[in-house]
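# Summary of structural features
Each chain, written out:
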Amino acid sequence: MSSSASLKPKQQAQRLLLVSQNGKMGYINEAGKVVIQPQFSFAEDFDEQELAAVRIKGKWGFINTEGKLIFSPQFDDANPFFEGISRVKVQSKWGAIDHNGKLVIRPQFDELKNFFEGLAAVSIGGKWGYINASGKIVIPPQFDYANSFSKGLARVQTTIGFWGYIDKTGKMVINPQFEEAFDFSEELALVRINSQYGFIDKTGKLIISDKEFIFTSPFFLNGLTSVGVPSAYKDGLAISYKFGFINKNGKLVIPAQFDSVENFFDEWAVVRIGNKWEYINTLGQIVIKPQFDEAGIFIDELAAVRIGKKWGYINKAGKLVITPQFDRVGGFSQGIASVSIGDKMGYINKGGKYIWYPSF
């Protein structure tokens, strides 16, 4: 593995943000100063190892936060580091390198997913199995498709087309029987069997059925998930719904009174009555009154909201702290958010000031 610079002991690195100028990508700091000149045909964000994958003349390598090439461009594709490794592609096969650039998993797989809980799903010859961090196959390729492990279980699809769940030994702990299946959240998973949806527990037992509801989210958060309840019928069929929230026992604890809902996040949910969006808490109480044409979740203490055709940001008191003026927005992260005017993107801070005017 060739390297253009040696890795030094880490210090707390400044946060860098991607920008583009004249068709090339580079990085600015949080003050908006260009610290790595735009020079790459494509680039990724800096990852957990404070390295960024960059493409130069069709090949991928990695730079550090000073812009120095740590691993020279040699890969046909490369991904950010996750759980200590980066998935890289050499010709048509996938393998992985560690943070020293050492090839720890020889490129040999048709597909390779990120490691979760110590195992990664891989595909060989059209069948999926799992490897450990050293690249050893620990669950032989045998599935038509396989997902990453989550909370000790992974969803796999068998040759008969049904989904089941395996444990880390490869044992099928919930037999393939589902036409559709999702990851477990708060000990329950949404599945579809015989065209009916419901939530099962980790033994495969049906806990909540869709006899009374339609499920609008596959996940429980804060012990709640959103559901729809028929509000009008025609010829015996539901033609419209109102939406509320059930608990993990399947009890409707926030009445179906909303025209649209988003699932809870950080103990608040965004809901709509009529044409306006508002925020409620887990008791169903209004915490920010309906007034927005569109609204997002709170991230980093602020939420994006649309009034008319423009987006701005509110705080948890419901006060507009950044005037609606943008055509598209992202959530704040560590005090910075991406915003767009027209088809150009830039960055602002929590004071609403540009650190990089929309230009790419």
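Structure's up top.
Okay, so let's go over this structure.

Basis of the calculations
Residues numbered from 1 in each chain as written. Predicted model: local features only at pLDDT ≥ 70, side-chain atom pairs only at ≥ 80, totals over all residues. Heavy atoms only, no water. Pairing = 2+ DSSP bridges. Helix = DSSP H or I, 4+ residues; strand = E, 2+ residues; numbered from the N terminus. Axes fitted to C-alpha atoms, helices over the stretch in contact; angles between N-to-C directions. Core = buried A, V, L, I, M, F, W, Y, C linked by side-chain atoms within 4.5 Å. Buried < 20%, exposed > 50% of the residue type's maximum accessible area, 1.4 Å probe, protein only. Contact = heavy atoms within 4.5 Å. Polar contact = N/O pair within 3.5 Å; in protein donor to acceptor, adjacent residues only side chain to side chain.

With that out of the way, let us pick up the sheet that holds strand 2 (residues 24-28). By definition, the strands of a sheet pair up through backbone hydrogen bonds, in either a parallel or an antiparallel sense. The antiparallel open sheet is built from three strands, whose spatial order is 1-2-3. One side of each edge strand has no neighbouring strand; the edge strands of this open sheet are strand 1 (17-21) and strand 3 (34-40). The average angle at which neighbouring strand axes cross in this sheet is 25°, direction not considered. Across five bridges, the pairing between strand 1 and strand 2 is antiparallel. Residue pairing for strand 2: leucine 18 is matched across the bridge by tyrosine 27.

This part is about the nonpolar core. One recurring pattern in soluble globular proteins is that nonpolar side chains are buried together. Formed by 18 residues in total, the largest nonpolar core has its most connected members in Tyr27, Ile36, Phe40, Ala43, Phe46, Ile63 and Tyr347. In this structure, isoleucine 36 is in contact with Leu16, Gly26, Tyr27, Phe46, Ile63, Asn64, Thr65, Glu66 and Gly67, ignoring residues within four places of it in sequence.

The next thing to look at is the environment of tyrosine 130. By secondary structure assignment, the location of tyrosine 130 is in strand 14 (residues 127-131). Among the residues examined, tyrosine 130 registers a relative accessible area of 0% and is labelled buried. Taking the C-alpha atoms as reference, tyrosine 130 lies 31 Å from isoleucine 208; in sequence the two are 78 residues apart. A distance of 2.6 Å separates a polar side-chain atom of tyrosine 130 from the backbone oxygen of asparagine 147.

A word on the sheet that holds strand 10 (residues 93-98). Across the sheet, four strands lie side by side as 8-9-10-11; this open sheet has antiparallel pairing. Looking at which strands have only one partner, the edges of the open sheet turn out to be strand 8 (77-78) and strand 11 (103-109). Two elements, strand 10 and strand 11, share three bridges in a ladder whose sense is antiparallel. Along strand 11, the bridge assignment pairs tryptophan 94 with phenylalanine 109.

Looking now at the environment of asparagine 64. Topologically, asparagine 64 is positioned in strand 6 (residues 59-64). Of the residues examined, asparagine 64 reaches a relative accessible area of 15% and is grouped as buried. The spacing of asparagine 64 and lysine 353 is 289 residues in sequence and 28 Å in space, taken between C-alpha atoms. The contacts of asparagine 64, once residues within four sequence positions are left out, are Ile36, Phe46, Glu50, Leu51 and Ile70.

Bringing the environment of valine 35 into the picture now. Within the secondary structure, valine 35 is located in strand 3. When the C-alpha atoms of valine 35 and leucine 17 are compared, they prove to be 9.8 Å apart, with 18 residues separating the residues in sequence. Dropping the residues within four chain positions of it, valine 35 is found in contact with Gln14, Leu16, Tyr27, Ile28 and Asn29.

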